[in-house]
Amino acid sequence: MRILVLGGTVFLSAAVAAEAVARGHEVTCAARGSSGEPPAGVSFVRVDRDAPDGLAPLAGREFDAVVDVARLPSQVRRAVAALGEGVRHWTFVSSISVYTDNSTPGQNPHTGQVHDPLSADADEADVENYGPAKVSCEQAVLAALADRANVVRAGLIVGPGDRSDRFTYWPVRLARGGEVLAPGAPGDPVQVIDVRDLAAWIVRSAESGVVGVFDATGPTVGRGEFLDRVAAGVSDAVAGAGAGASAEPELTWVDQEFLVAQEVNPWAGPRSLPVWLPRPEYAGMLDHDVSATLAAGLAVRDLGQTARDTLVWAREAGRDLADGPDGPDGPDGPDGADGADPAGLRAGLTAKEEAEVLAAWHRR
Ligand SMILES: NC(=O)c1ccc[n+]([C@@H]2O[C@H](COP(=O)([O-])OP(=O)(O)OC[C@H]3O[C@@H](n4cnc5c(N)ncnc54)[C@H](OP(=O)(O)O)[C@@H]3O)[C@@H](O)[C@H]2O)c1
């Protein structure tokens, strides 16, 4: 097939392009090229979708399938208008952020209410409007291409190449071993999707003509099992690592109220614990019903493998915890106290922060 990836220079859209090449398709990636390089084997067309005629370099080109990851409704509307006509299949990558209710477990596209779309002419990149903007994007695709469209509402996408570190923290932290601060409770639900599994499903769905609206993330596991599987996945890497490797991780579970009192942030960013969300407000966000997606062919690899590959990538990319055993000025770099990213990782606690919170927990 001739597949156009609108994007292709970073993480998911790059993984989609790489998967499509690997499966023998003729792949074009169209982007500005400012986020990175597209994968080998694609033809790259430089476009700037911020400009009203930004897709002009693609004029006259024909594609069997299009995959779009945009966040701005104007960009999606223009893409559908310019490229939709002759296309057999159109994937729009949306997000579970379209749902208004993050607290109820077990939602799916048939049961979950979505945000109102942005007003017709609004086109905000504002993070507060991410969900409504994605609703507008979905509606633009479905209005024009409903019988050919696969709307993929992704959950937390993880794995090699994830620059947010919202999962990477855990393989890196568990590989270091010792006493590990585990947030919340072992039974709290966790749901992630390996970027390569999502990419594979997107490409295969384009090949076979899967259409509909799907929540695209992995099966739910308890956070205790999640951390155990990540730890098991990275244990080989730890065993082979020599210097810097530590003893088996020992989890110390610290409850939400204590973490909030210690000003530990949920989910992302500095001084955070990733894959941890406040309950009950977010009790359903990592607990969607994905049975229909699995039935439609989404296949997920073992979480341990995702963890191992993510750790290998993180090490190659120089992403590590700040404040390692050598202290704040040691080889692990500064602790991010100046507001900069902690050295290497964009999410999680530094080693010093974690040790301080654990000490306070033991003193309580
Ligand atoms: N990460 C998660 O956990 C998560 C969760 C749920 C849903 N999602 C969704 O999953 C998708 C992730 O996509 P992704 O990993 O490929 O990352 P992304 O950051 O959404 O990538 C955007 C792509 O579009 C291109 N682009 C951005 N602005 C452009 C412009 N003005 N003109 C032309 N091209 C432009 C970028 O390339 P250039 O910058 O090189 O132009 C890049 O290739 C998104 O749809 C996101 O909303 C992500």
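Everything here concerns the structure above.
Remember, it's a predicted structure, so these values are computed and weren't measured experimentally.

Novice: Would you mind showing me how to read helix α1 (residues 11-22) here?
Specialist: Each turn of an α-helix holds 3.6 residues, which means side chains three or four residues apart point in the same direction. Between its first and last C-alpha atoms α1 spans 16 Å; for 12 residues at 1.5 Å apiece the expected length is 16 Å, and the two agree. Counting buried residues in α1 gives 9 out of 12 residues, a clear majority hidden from the surface. Burial in α1 covers these residues: F11, L12, S13, A14, A15, V16, A17, E19 and A20. Lining the buried residues of α1 we find β1 (2-6), β2 (26-31), β4 (65-68), β5 (89-95), β7 (156-158) and α5 (195-208). Just past α1, the residue G24 takes up positive phi, approximately 90°.

Novice: Could you clarify how one ought to interpret the sheet that holds β1 in this entry?
Specialist: The strands that make up a sheet pair up through hydrogen bonds in the backbone, lying either parallel or antiparallel. Pairing is parallel across the open sheet formed by 7 strands, whose spatial order is β3-β2-β1-β4-β5-β6-β11. With one partner strand each, in any of the chains shown, β3 (43-46) and β11 (212-216) form the two edges of the open sheet. Sheet twist, expressed as the mean angle between neighbouring strand axes with direction ignored, is 20°. Of the pairings in the sheet, the one linking β4 to β5 comprises 4 bridges and is parallel in character. Residue pairing across strands places A65 opposite H89, the latter belonging to β5. Most of the contacts of helix α3 (residues 130-145) go to β5, to which it runs at about 165°, and overall it touches β5, β6 (149-154) and β11. Against the sheet, α5 contacts β4, β5, β6 and β11, and its axis sits at roughly 170° relative to β6.

Novice: I tried to follow the state of the cysteines on my own but got confused; where do I start?
Specialist: Structurally, a disulfide amounts to a covalent bond that connects the sulfur atoms of two cysteines. As enumerated under the stated definition, the model contains 0 disulfides in all. Not part of a disulfide, C137 finds its nearest cysteine sulfur in C29, a span of 19 Å. Note on C137: relative accessible area 0%, which makes it buried.

Novice: I would appreciate a short explanation of the site of the ligand in the present structure.
Specialist: Near the ligand lie 29 residues; those nearest to it are S13, R32, S35, V69 and Y130. With respect to the ligand, the side chain of D48 contributes an N or O atom lying 3.2 Å from a nitrogen atom. Measuring from an oxygen atom of the ligand, one finds a side-chain N or O atom of R71 at 2.8 Å. Compared with its free state, where it exposes 900 Å², the ligand has 87% of that area covered by protein.

Analysis parameters
Residues numbered from 1 in each chain as written. Predicted model: local features only at pLDDT ≥ 70, side-chain atom pairs only at ≥ 80, totals over all residues. Heavy atoms only, no water. Helix = DSSP H or I, 4+ residues; strand = E, 2+ residues; numbered from the N terminus. Expected span 1.5 Å × (residues − 1). Buried < 20%, exposed > 50% of the residue type's maximum accessible area, 1.4 Å probe, protein only. Contact = heavy atoms within 4.5 Å. Pairing = 2+ DSSP bridges. Axes fitted to C-alpha atoms, helices over the stretch in contact; angles between N-to-C directions. Disulfide = S-S within 2.5 Å. Near = heavy atom within 4 Å. Polar contact = N/O pair within 3.5 Å; in protein donor to acceptor, adjacent residues only side chain to side chain. Areas by Shrake-Rupley, 256 points an atom, 1.4 Å probe, with all protein chains shown as cover.

These figures capture arrangement, not role.
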